[in-house]
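The primary structure of each chain is shown beneath.
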Amino acid sequence: MVDYHASNSQASSGGPANYMDPREQENDWDRDLLLDPAWEKQQRKTFTAWCNSHLRKAGTQIENIEEDFRDGLKLMLLLEVISGERLPKPERGKMRVHKINNVNKALDYIAGKGVKLVSIGAEEIVDGNAKMTLGMIWTIILRFAIQDISVEETSAKEGLLLWCQRKTAPYKNVNVQNFHISWKDGLAFNALIHRHRPELIDYDKLRKDDPLTNLNNAFEVAEKYLDIPKMMDAEDIVGTLRPDEKAIMTYVSCFYHAFSGAQKAETAANRICKVLAVNQENEHLMEDYEKLASDLLDWIRRTIPWLENRAPEKTMAEMQQKLEDFRGYRRVHKPPKVQEKCQLEINFNTLQTKLRLSNRPAFMPSEGRMVSDINGSWHNLEGAEKGYEEWMLNEIRRLERLDHLAEKFRQKATIHESWTDGKEAMLTQKDYETASLSEVKALLRKHEAFESDLAAHQDRVEQIAAIAQELNELDYYDSPSVNARCQKICEQWDALGSLTQSRRESLERTEKQLESIDELYLEYAKRAAPFNNWMEGAMEDLQDMFIVHNIEEIQGLITAHEQFKSTLPEANKEREAIQAIQAEVQKIAQYNGIKLSGGNPYTTITPKSIDNKWDKVEQLVPQRDQALQEELAKQQSNDHLRRKFATQANIVGPWIQTKMEEIGRISIEMNGTLEDQLVNLREYEQSIIEYKPNIDQLEGDHQLIQEALIFDNKYTAYTMEHLRVGWEQLLTTIARTINEIENQILTRDAKGISQEQLHEYRTSFNHFDKKGNSGGTKKWTRLDHSGGLMAEEFKACLISLGYDVENNKTGDAEFARIMGIVDPNNSGVVTFQAFIDFMSRETTDTDTADQVIASFKILAADKNFIMAEELRRELPPDQAEYCIARMAPYSGPDAKPGALDYMSFSTALYGESDL
C-alpha cells in the first residue's frame, strides 16, 4: 500500500511549501478543456485507479469518477486519507444544497493548501461534469502526490522527471525526456522497477519492439509486488500517438512514493548539507569582512602620516620625485583600496541579506570596524591627500625658478664632460708600440683631427666658468659642488693640451722605426712560404697510412723512405737562414721599445710554427722507420698463416667431396632390411662426426687469419666459408638420409606395408629420379640423383604403377588431384616420403574429416553444433578443453548462446583437401 502521509508531512504540519505557479495550473486546466477522447479515457481510468488506491484505506472505492464524487462525501474522505488531516463534518442530506456544501468544503480545503482552482466550481462537480471533475482530481494529484517531490534543487514535475532520468540512466534503450512518448515502449517502467527491485524483472529479456509485453509486464509486477494498482491499459498507450501526460505522471508518481523510503536518508543528508553550507558561507563572509576591514583600516592609519609630512626638499628632482610618489600612490596604491572599500560594503550588504533570508541574526562587526567607522577614516585620508598635493605644487614652483640656472650649468658641463670622457686615456695610451706601420700612419691622421676638435671646444669651457661665477654671486644652495665641478673641468682642459703635444712626437718617431721592420718582414715572407709547403708535404707523406698485401709492396715503401732522409741536411740550412731574418726584426723592436703585435703582415707563417713543424718532421722519420719494419714483419707472419691454412684446407676439401659422393651412392644402393640400413647409416654418420677435430683445427687457423685481416690466399682455392658449408651439408645429408629410413619404418609399421612393397616403391622412385644437380653452381652436391621427382618424372612413375594419368582431360584432372596431395605447397618436387605417404593412403584405410564430423554429430545429439558441457561430459578433460579452446562459435540459423562449430574444427584437423 502506498503511503502518502510521510511525503506530505510538510503540508499537513504547517501549510504549503514550493507549490506550482498558479498560472501553470490554469494553463493545464485550459488544455484539459480540449481533451480528445483517447486522452480523456486514459485520464478517467488512471485517476479512478489512483483515487481507489487511497479510498481503500477507508474501506470504500468509486466506480464512476464523475458520479461518485457528486455528493462530496467520498471527495472529502479522499482528501482526509491523502492528507492525514480531518476536514469539517460533512452534511448527510441528499438535497442538492447539501451536496454543493460538501463539495465546497473539499474545494476550500484544497484552496487552503495554496492551490488556486480556476474555473472549477462545486456546481459543476455536483452536476457530474466529467472534464471539471478530472481537472479537480488532477489538481489534487498534482498538489498531494507530485508537488512535494524534490530532487537536486528541482521540484514537482521537473523533480519527478529528473528522478526518472537519474534512475533509468544506466539502462539501454531508455531515454526519459518527457511524460508521454518516452514511456510508450514500456522499457522506462520496467527500468524503474528493476533499478529498485532487480529480482522482480529480467530486464535483459525485454525487447524495444514489443511495447505491449513490456507495459503489461511492468503493470502486473507493480500491482502484484509493489501494491501499485494498474491505472492504464497497455493497448491505450500503444494505440495513441502521444499518451496522456497527466496519466503517465500520476502513475509514475506512485513509483516515486513507493520507492521514496530509500531516498529519505539521502534527502535528510542533503537538507543538513544545505543548511550547513549556508552557515559556512555566512561565516566565511563574516571572516572576510573582518579581515578586509582590518587590513583597510591599517592601511589608512599607515598612509595618513606620510601625507601629513611637510619636510621641504632642496632640489627640484627630489620634489618631483615626491610628486611622482604621490601620483604613484593615486594610480597604483589607492585604486585597489577604493575597490576593497566598495567590495567591503557589498560584502556587508550581501551578508546581511543572506542572514535575513535564512532567518539568522544580523551581523555586527567588531568595535571600530563598522562601515561608518571605515567611511570616517576614509574621509580623513582624502582630506590629508588634498593638503599634501597643494603643498607640493607650491614647493615645485619655488624651486623651478632657482633650478633653471643650475640646470643650464649642468647641461653644458655634462656635454663637455661627455666629450672629454676617455680623452686622457686615449692620449696616454701607447697603442703605437704594438701597431703596424699602416696602423701608425692612421693614428697620426686621427691625432691631427683630434687637435682640430680640441681647439673648437675652447668656447664651451669659457661659458661653463662664467655660469659658475654667476651661481656663486646668486648664493645657490649647492654652490660648493658647482665650484668643484668647474675647477675640475678647467684643470682637465690644461692637462689635455700637454698630452696632445706629447702624443704627436711619439707617433712620428715610431713611424720611422716601423718602416725598417716592414722591409725585413717582406723578405721573411718570400722565403718562409716555400719552405713551409715542403715541410707540410713531408709530414703528410710521413703520416700517410699505407696498406700493403705482400712483402714486395712493403719493401718498395722502405726504399722510398731512405731517399727522403738523404734530403734533410740541406733543408735544415734553409730553416736557419729564415729564422735569422726574424731575429733581426726582434733586435730592432727591442732596441727602440717597440712591442710587435699581430705578427708579419705578409704571411701567417711564424718562426715558432716553422720550428714546430721541423721538430715534427724529425720525430716522424724514426716513427716511419719503425712502422715500415713492423709491417714487413707482419707480412712475413701473414704469409706463414696462409701456407698453414692452405695445407690443411687442401686435405679437408677433397675429403668432404668424397663423402658427399659416397652418401649419394649409399642412398641408392642400400640393401637388406630397413633396420639394417638404419644401423649402417648411423655407423657411417659416427665415422663422419669423428672427423670433426680436423674441422675445428681449420676453424682455429681461419680465426688467426681473420684476426690478422688476411683476405686472400694464393696457396689454396678453398675458403673457410666454403668448407664450413660443405661440412654442414654433409651432416645434413646423412641426417636426412637416416630420417628418411626412420620415416619409412614408421610408414611401414603404421600402414602395414611389407618390406617388399617399400623396396618396390624405392626401386620405382629411384628409377625415375634421374635429374641430378652435378651441373649446378654449388660445389657440395650428390653427383647421381636429386632425391625428389619433378612433375613429369612423377607422372611417369605413376603410369608405371598403373595410374591413368595420360595426357588427356581425365588423366590431367586425376594427376592434378594427386599433385595437390603429394605437393600441397606447389614446390614442383615430390619427395620420397610424400610418395610413400600417397601410396600408403591409396592402399590402406585411414580416418577422414567426414568420419570425425560424424562422430561429433553423434555426441551433439544430431545437432549442427555442440555445447561445451556436452564436450566435457563425453570427452576426457584435457581433450575436451582442447576442443573448446579451438572451436569457433557456431553462427548457423539454429545457433544458441555458447554453441560451438565442430564441422570447421574437424576440417581444420585434416586440411581442406580431405573435406
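Note that the coordinates shown come from a computational prediction; the quantities given were computed from them, not determined experimentally.

Enquirer: Hey, could you go over the pattern of salt bridges for me, with residue numbers and the actual values?
Expert: Opposite charge on two side chains allows them to pair when their charged atoms are near. All told, the structure shown has 46 salt bridges when counted by the stated rule. We note a salt bridge from Lys45 to Asp233, for which the minimum N-O separation is 3.7 Å. Here Lys45 is found in helix H3 (residues 37-55), whereas its partner Asp233 is found in the loop between helix H11 (211-225) and helix H12 (234-239), with 188 residues between them in sequence. Overall, Lys45 belongs to the partly exposed group, its relative accessible area being 33%. The exposure class of Asp233 is partly exposed, given its relative accessible area of 25%. The salt bridge partner of Lys113 is Glu85, with a shortest N-O separation of 3.0 Å. Highlighted residues: Lys113 in the loop between helix H6 (96-112) and helix H7 (122-126) and Glu85 in the loop between helix H5 (73-83) and H6, separated in sequence by 28 residues. The exposure classification of Lys113 matches that of Glu85, with both residues buried. Look at the salt bridges and you will find they share partners, linking Arg330, Lys334, Glu385 and Glu389 into a network.

Enquirer: Explain the packing of helix H10 (residues 187-196) against helix H13 (residues 245-258) to me, and be specific about the residues and the numbers.
Expert: Running from amino to carboxyl end, H10 crosses H13 at an angle of 10 degrees, the nearest separation of the two axes being 11 Å. Comparing the axis directions of H10 and H13 gives the class roughly parallel. H10 and H13 meet at a crossing whose hand is right-handed. Mapping the contact onto sequence places Phe189, Leu192 and Ile193 in H10 and Ile248, Tyr251, Val252 and Phe255 in H13. For the contact of H10 with H13, the residue count by class is seven nonpolar, no polar and no charged.

Enquirer: Tell me what's going on with the UniProt feature "domain: Calponin-homology (CH)" (unreviewed entry) in the chain, and back it up with residues and numbers.
Expert: According to UniProt, the "domain: Calponin-homology (CH)" (unreviewed entry) feature falls on residues 41-145 and 154-260. The annotated region residues 41-145 carries 65% helix and 0% strand content, and the separation between its end C-alpha atoms amounts to 21 Å. Segment residues 154-260 splits into 54% helix and 2% strand. End C-alpha atoms: 16 Å apart.

Enquirer: Lay out the packing of helix H20 (residues 479-543) against helix H22 (residues 568-592) with the relevant residues and their values.
Expert: Close contact between H20 and H22 brings their axes to 10 Å; oriented N to C, the two are set at 160 degrees. On the basis of the axis angle, H20 is roughly antiparallel to H22. The handedness of the crossing between H20 and H22 is left-handed. Looking at the contact of H20 with H22, its residues break down into 15 nonpolar, three polar and five charged.

Enquirer: Describe in detail the domain arrangement of the chain, supporting the description with residues and values.
Expert: The domain architecture assigned to the chain consists of domain 1 (37-264), domain 2 (274-416), domain 3 (422-628), domain 4 (641-746) and domain 5 (853-909). Summarising the inter-unit geometry, the C-alpha centres of domain 3 and domain 5 are found 100 Å apart.

Enquirer: So, unusual backbone geometry: which residues are in play, and what are the values?
Expert: The residue Asp227 is not glycine, and still its phi comes out positive at about 60 degrees. Assignment of secondary structure puts Asp227 in the loop between H11 and H12.

Enquirer: How would you sum up helix H25 (residues 692-707)? Please name residues and give values.
Expert: Under the 1.5 Å per step criterion, the end-to-end length of H25 is 23 Å for 16 residues, consistent within 8% with the ideal 22 Å. Considered for burial, the residues of H25 that qualify are Ile695, Leu698, Asp701, His702 and Ile705. The buried residues of H25 all sit within an arc of 125 degrees when viewed along its axis, so they share a single face. Exposed side of H25, more than 90 degrees from the buried face: Pro693 and Glu707 are the residues found there. Looking one or two residues past H25, Leu709 carries a phi angle of roughly 60 degrees, positive in sign.

Calculation notes
Residues numbered from 1 in each chain as written. Predicted model: local features only at pLDDT ≥ 70, side-chain atom pairs only at ≥ 80, totals over all residues. Heavy atoms only, no water. Salt bridge = Lys/Arg side-chain N within 4 Å of Asp/Glu carboxyl O. Helix = DSSP H or I, 4+ residues; strand = E, 2+ residues; numbered from the N terminus. Buried < 20%, exposed > 50% of the residue type's maximum accessible area, 1.4 Å probe, protein only. Axes fitted to C-alpha atoms, helices over the stretch in contact; angles between N-to-C directions. Parallel < 35°, antiparallel > 145°, perpendicular 65-115°, else oblique. Left-handed = near helix turned anticlockwise from the far one by under 90°. Contact = heavy atoms within 4.5 Å. Nonpolar A, V, L, I, M, F, W, Y, C, P; charged D, E, K, R; others polar. UniProt positions renumbered as here; feature names shortened; annotations may be inferred. Domains from an automatic or database assignment. Expected span 1.5 Å × (residues − 1). Arc of directions from axis to C-beta.

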